[in-house]
Each structure stands twice: as C-alpha cells, then as structure tokens.
Number of protein chains: 2
Amino acid sequence: MVSKKLGGRRAPTESDVAKLAGVSQSAVSRAYTKGASIAQKTREKILQAAKELGYQPNLMARSLATNQSNIIALAISNLENPFYANVAQQLSSQLREIGKHILLFTSPSDDETDPMLERALSYQVDALIMTATMASPELALQCKKAGVPIVQINRGSKIAGVSTVWGENHRAGEVAAEHLLKTKHKRFAFVAGSKTSSTSQMRQDGFIEHLAKSGIKNVPIEYGEYSFSGAANAARKLLSSKNRPDAIFCASDYMAFSVLDVAKREFNLNVPNEVSIIGVDDVPEASHSAYDLTTFSQPAGALAKAAIEIVEKMNSESSRRAMHIEVEGQLIIRGSTKA
Amino acid sequence: MVSKKLGGRRAPTESDVAKLAGVSQSAVSRAYTKGASIAQKTREKILQAAKELGYQPNLMARSLATNQSNIIALAISNLENPFYANVAQQLSSQLREIGKHILLFTSPSDDETDPMLERALSYQVDALIMTATMASPELALQCKKAGVPIVQINRGSKIAGVSTVWGENHRAGEVAAEHLLKTKHKRFAFVAGSKTSSTSQMRQDGFIEHLAKSGIKNVPIEYGEYSFSGAANAARKLLSSKNRPDAIFCASDYMAFSVLDVAKREFNLNVPNEVSIIGVDDVPEASHSAYDLTTFSQPAGALAKAAIEIVEKMNSESSRRAMHIEVEGQLIIRGSTKA
DNA sequence: TCAGCTTTTGCATACGTATGCAAAAATACA
DNA sequence: TGTATTTTTGCATACGTATGCAAAAGCTGA
C-alpha cells in the first residue's frame, strides 16, 4: 500500500521517538499533549530524541484520533477584491496564533454556494467561514449534522444555525446620506451590489430612508454586482442621465473605485466638485492618493476577530446556537467628497 | 476520548454504509477507489446507501492510510499585493479541478521563511508552493527528507532541490529600457524590490545593462521593499533629486502605483509628459484608468499552471530533481508612458 | 521500614480508510 | 456438465496518534 517516495525514508513516528528515548509510544504522545500526565524529566528526554530524529507529529493521524483537525475552511469568492483579500489575511494571521490553519476554497461566482464546499466537511474542518458567498440551506444542514459551525462574514443569512458577522450596514447608509446632505449635495444615487445581497440591501435602506427624512425621494439605483466592470456600467448609466447626480454612494470601495474612474476619465468630471463619491469598507487602497476615497469603514481585523470568537465559542461549548456580531465602523472623510 | 459534539450523532462511516448496503467495509472503500476491483452492481448499491446516509469520506483517515493528503501548502507573504492574491486565486481554482486544495500560510514579512511552515509538513501536504517568500535551506532539507516538492513562484533559489517558476525577469528590464529609449527619455531610474530578491535583481540587470549599451551609466536605484510605503519613499528620493528622472522603471506594479501617486499628488507632475512609469506584473488594477499603467506582464494563470505541472510531475514520478520553468510575458503599453 | 497516597508509565484499543491475500462467486470454454 | 480462468468479495492488518485503565514507581509521614 505505502508507495514510499523514492529513496525518501519514511518520516519518523512516535514509535521511532519512543524507541530512541527508551519509553513507550504513549509516553511520546503525552509529551506533546498539554496537561497530560508525564514527568518533566521524561518529557525532556523525549523532546530531545524527537529533535534528533527530526520528528514532526502527523496531524492527519492526530485528527483521526481526536476528531478535530485544527483546520478551518474559508470559502471566499473573489480574492481580487482587496476587501476580501484583507479579511483572508487577517483570518490567517489571527488563526495562526491559536494554532489553526486555513483550507482555502475559492469559488467562481459571488453569492452562490460552491458545491465543492461539501467536500470541506470531508476534511473534518473545525468550522466553515464564508465571505462573499452564501451558505445554501443544504450545506447548512450538512454542517449541522456534522457539528461544524458556519460563520458568514459580511452577508446575512436567514438560515437557522448560521452565524453572521457584519459591519454597521444600515448605519453606513445613514451616515453617508447625512454627510452628503450636510455638505449641500442635491442629486443622490446609489450603486448597489447584487439584488440578493442583504448587506447591500441594508446599506441601501439606511441611505434611502435617511434621505427620505429630508424629503428626498426617487433616488436612482443601479446594480454593480460587486464587480469592477459592473460598477462601471452602473456609473455610466447614472452619469449620463439627464439629471446627473452630484453624490454617489457605493455599496463597496471596490465598486467606488470603478465609479471614480468612470467619472473622471469618461465623463471628465471633477471629483469632488462636480460629483462626490462615498464607498464602504475602507480597504487599504482607499487611502492611496490615486483614489483618496471617503468611505465608511468596515475593519477587516475586527471582522476576522469576531468570526474566530464565534467559532471558538461554539466549538468549546459544543453549542449549535448561532451567534451574530456587529462590528463598528466609522465614516472616514477623504478627498472624494467636497467639504 | 471522542468528545461527541452535543447531540450531533457522529458522521456516518464506511462501516455504516457497508451495513446498510449489506456488504463489507472494504467493498465500500473500493466503491470510492477509481480502478478498484468491484462489480458495477455492487458499486451502485453502495453509492445509493451512501447517499441515503449522507456519507462523506473522511479524508483524514484516507490520508493516513494512503500517505497523501491532496492538500498543497501555499505560503504567501502578502495577500494585499494584488499580484499574489491573483496567483493564489489561480492556484486555488486550477487545483480544485484536479481535486486538490490549498492550506494557506501567510507570513508576516516578505523573503523570510516562516518557522510555522515546518508545521505544514505535519499535515502531510503533497507539496509546498511558495510565493513572495523564500525557502530556507533547513526547510528545504526537511521537505526533501519527507519527499515533499517545493516550488517557488517568482523568486529564485540556489538551494538544491527547490523548483522555481518565474517570468522573464531579465527580459522585462531590457524591454522596459528599450521602450523608454525609443520614446526619447533621457534620465532613468529604477525602483527595486528588496536587496535579497533575485527577481528584482534580474529585472534591474536587464534594465541597467540595456541602458548601458546606449552609453547610459549611473542610473539611480532606490529600494521600495515591495511595499506601498517603501516605494513612496523611494519615489520621493528620486523625484526630489536635482537631476529628476523622466522615466522610472519599478520592479512591481504595486510599487509603480505608489510611485505614480507620489509623482502626481506630491510633486504635481504630469504623467506621462513629465515622467513615465513602467511596472512589472500586469495586475488587474494596472488596467484601471486610475492607474493606466504600462507594464511588463507576468501572467498569474500561467505561473500557477507551471507550478502545478511541476508538483504533479514530481509527485507522479517520485522524482526529486528540481525543475525550472520560465513563463513568457510581454510589454503592455498604456498611458503611464509617453508615446 | 511500611502503609497509604500521588504521580507516572505502559498496555490495549479506538479512530476511519486502504489494500494484499485467499476464499468465493461468476464466467468462459470444452 | 465439469474444469479452468477471471472477477469480485471479505478478512485481516496497517497507517500514526490519543486515552481509559490498571500496574508500577515515587513520595509522604510515622
């Protein structure tokens, strides 16, 4: 069965270490188990022998025995969107500190559940974290059966048992509207994500409702589908309308960048004097002077932290009660809105 | 030992399926093994039973038995750099097609080997792909012992047994110089990555050597350390020198963006009329009109493909001979260089 | 020194899948 | 129909680690 790698002698195991140290295999196992009953002296002897052999524990075997892998599946639709890349980076570095690792599942399209994700369960992952993708009810059921918590970052879910972490979506819309009103804008527009995204919907609601309070109705809305080219099309439609907006709120920075580009290059508009633009996320690029984007922040680090908290809590308590955490953000005023 | 998840009955195993289908556990195993000796009729009976139970193979157990995991470790320093995010995305989607997955290791700094990486071997990964990080000799030795191929993308390595995949680095420098000369530039400069990066060094050599052929010597060089802020500092130094360059070649798009920003905003220079800028990589953002960057491409998809080819080949042949593949690129002329 | 107690150790077995081997079943051929 | 051959099956065991349990060793205090 074991098709040994050519010439590569097989990796040393606990038994090898045990033999060298003159103890039993179980002693070696205990030497690596925190809090296990083992004499300090023997442990040292064992670690010494392990070092000599270059022993590395086989995590597959450990996982099989303990039924937990220290692996967390991360489903992410689009690493090109810097916001999600950022979240991934944060998750990875925070998880590494608690000795866990990420098994990456990228899926071709936003918002759909990747059928491949079910295979994640085959890896006995400790949890499933999803961003920019939605859990399907079937997947959620499978996870529930397997006792694997699901956490969605930045997407809502009505599915029972799915935990969520998100920014202050409704407030983001409100604050954007408030700021644009305060700075004397007259003609508003919204570039939404996708129709099915609850995140986008909530931002939109906050924006529209707050404007309505000041008597502003019939705010035009276009869908950018969270993509660069989609947002460009949305911008073209909005900016070529006869009642051209002087303030555009976008459901993400990534789309706002695209809108900015179109406004400046294709319509030769001066930003912010002729049109102001606000995004949501505060990705690193937003502060680069090429964009210099006013935006409502959604801190990736805090989102990652919240997601991990949920996972840890649910796993340690063997709880299956979904949790929901809202992470605070704030309006960051930069040069894409007039003063 | 088994601390059963609360209320979650344990996931069904091959034995459960076997019982339901009225066969032996080994039959079930064979039903899932391509090319195994099993009657078509029994296989169908088994798959039916499996579906009924919602059975998913336990890949940890499989890995333990077969000594291969279908997991590939990907070490990546910085997902914020869109080039590497892109490579990761490509690797992930190409690997998924051959049923393999990525275990993600992000490390805090470029160019250093993450000590955590040795733990990757604990997961019995089938290979280790590194981008923007360098394998240390010790790590390489460990991997060799374990029979795990290492492939470095976009970094050279003199360590025996480490395979590499890279773009046409030397030629990138040459072509950039050639284009800038042809378009009548006079004062050249180079923004390098880090001193230890062979990639940066080769691009630099190509650039400097080609300029030297036209009698141009003493080209100033600053180090941007592949970071946004580092490149900004480099740009400030270069642009404030008394002999201000009118052509800057940057070792990566990411740094070129930063240089562009500084030139436009801090020095109020017109790009490309007062200064032309060329990058390397052709990340998606380079084509966004905010940057509209002329650049020598280094196609992420092709790099990923080459890396996977190497891994597959080395694993199938149990070969430990390192392989090296160069991937073609080309100069993409956009608006950041004058015509 | 010994009884009573605590700490440390090894034995045996479990985790879920893969596979060599021999037995059993199916098929082919005479 | 019976024998030879091939295909399919199950048994037994291996992969490397974790852990309940009982035995062994170490310690305490008289």
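Scroll up to find the structure.
Residues numbered from 1 in each chain as written. Chains lettered and ligands numbered in written order. Predicted model: local features only at pLDDT ≥ 70, side-chain atom pairs only at ≥ 80, totals over all residues. Heavy atoms only, no water.

Participant: For this particular structure, what's the right way to read the protein's contact with DNA strand D?
Facilitator: The local shell around DNA strand D holds 25 residues, among which A:E14, A:S29, A:Y55, A:R62 and B:T42 are the closest. Those atoms of DNA strand D that come within 4 Å of the protein belong to sugar or phosphate at a rate of 63%. Separating a phosphate oxygen of DNA strand D from a side-chain N or O atom of A:S29 is a distance of 2.6 Å. Contact distances for DNA strand D include 3.0 Å between a phosphate oxygen and a backbone N or O atom of B:A39. For the surface near DNA strand D, the secondary-structure elements that each account for two or more residues are α2 (25-31) and α4 (59-66) of chain A together with α2 (25-31) and α4 (59-66) of chain B. (Near = heavy atom within 4 Å. Polar contact = N/O pair within 3.5 Å; in protein donor to acceptor, adjacent residues only side chain to side chain. Helix = DSSP H or I, 4+ residues; strand = E, 2+ residues; numbered from the N terminus.)

Participant: I'm lost on the nonpolar core in this one. Help?
Facilitator: The tendency in soluble globular proteins is for nonpolar side chains to be buried side by side. Core analysis: the biggest nonpolar cluster contains 148 residues, and A:L91, A:F207, B:L91 and B:F207 have the highest contact counts within it. In this structure, A:V125, B:I71, B:L121 and B:A135 belong to the second largest nonpolar core, which totals 42 residues. (Core = buried A, V, L, I, M, F, W, Y, C linked by side-chain atoms within 4.5 Å. Buried < 20%, exposed > 50% of the residue type's maximum accessible area, 1.4 Å probe, protein only.)

Participant: What is the right way to look at the packing of helix α5 (residues 82-97) of chain A against helix α12 (residues 300-316) of chain A in this model?
Facilitator: Relative placement of two packed helices is described by the angle separating their axes and the distance separating the axes. Residues and elements named next belong to chain A. Running from amino to carboxyl end, α5 crosses α12 at an angle of 50°, the nearest separation of the two axes being 8 Å. Judged by the inter-axis angle, α5 sits oblique to α12. The handedness of the crossing between α5 and α12 comes out as right-handed. When α5 is examined against α12, the residues F83, N86, V87, Q90, L91, Q94 and L95 are found in contact with a partner set consisting of A300, G301, L303, A304, K305, A307 and I308. Looking at the contact of α5 with α12 residue by residue, the classes come out as nine nonpolar, four polar and one charged. (Axes fitted to C-alpha atoms, helices over the stretch in contact; angles between N-to-C directions. Parallel < 35°, antiparallel > 145°, perpendicular 65-115°, else oblique. Left-handed = near helix turned anticlockwise from the far one by under 90°. Contact = heavy atoms within 4.5 Å. Nonpolar A, V, L, I, M, F, W, Y, C, P; charged D, E, K, R; others polar.)

Participant: Got a minute to help me understand the pairing of strand β4 (residues 150-153) of chain A in this structure?
Facilitator: Residues and elements named next belong to chain A. Of the two faces of β4, both are covered, the one formed by I150 and Q152 as well as the one formed by V151 and I153. In the sheet, strand β3 (residues 127-131) pairs with β4 via four bridges, with the strands oriented parallel. Bridge pairing in β4 places T131 opposite I153. Crossover connection from β3 via helix α7 (residues 137-146) to parallel β4: handedness right-handed. Two strands pair when backbone bridges link them, and β4 and strand β5 (residues 162-167) are joined in this way by four bridges, in the parallel orientation. Paired with V151 across the bridge in β5 is S163. (Pairing = 2+ DSSP bridges. Right-handed = clockwise from strand over helix to strand, strands pointing away.)

Participant: When you look at helix α8 (residues 169-182) of chain B in this model, what are you seeing that I'm missing?
Facilitator: The periodicity of an α-helix, 3.6 residues per turn, causes residues three or four places apart in sequence to face the same way. Its 14 residues place the ends of α8(B) 20 Å apart at the C-alpha level, agreeing with the 20 Å of an ideal helix rising 1.5 Å per residue. When we look at burial in α8(B), the residues that qualify are B:N169, B:A172, B:G173, B:V175, B:A176, B:A177, B:H179 and B:L180. (Expected span 1.5 Å × (residues − 1).)

Participant: Is there a simple way to think about the protein's contact with DNA strand C in this case?
Facilitator: In the region of DNA strand C, 25 residues are neighbours, and A:T42, B:E14, B:S29, B:Y55 and B:R62 sit closest. In DNA strand C, the atoms that sit within 4 Å of the protein are 63% sugar and phosphate, with bases accounting for the remainder. B:E14 has a polar backbone atom sitting 2.7 Å from a phosphate oxygen of DNA strand C. For DNA strand C, a phosphate oxygen lies 2.7 Å from a polar atom in the side chain of B:S29. Here the surface near DNA strand C is composed, by residue class, of eleven nonpolar, ten polar and four charged.

Participant: Just to check I follow, could you spell out the sheet that holds strand β8 (residues 247-250) of chain B for this structure?
Facilitator: Residue and element names in this part refer to chain B. The six strands are arranged β7-β6-β8-β9-β10-β12 in an open sheet whose pairing can be described as mixed. Looking along the sheet, the strands with just one partner apiece sit at the ends: β7 (221-223) and β12 (331-332). Sheet topology note: the strand β9 (residues 276-281)/strand β10 (residues 294-297) ladder contains four bridges and is parallel. By the bridge assignment, G279 is partnered in β10 with T295.

Everything listed is a geometric property; what it means functionally is a separate question.
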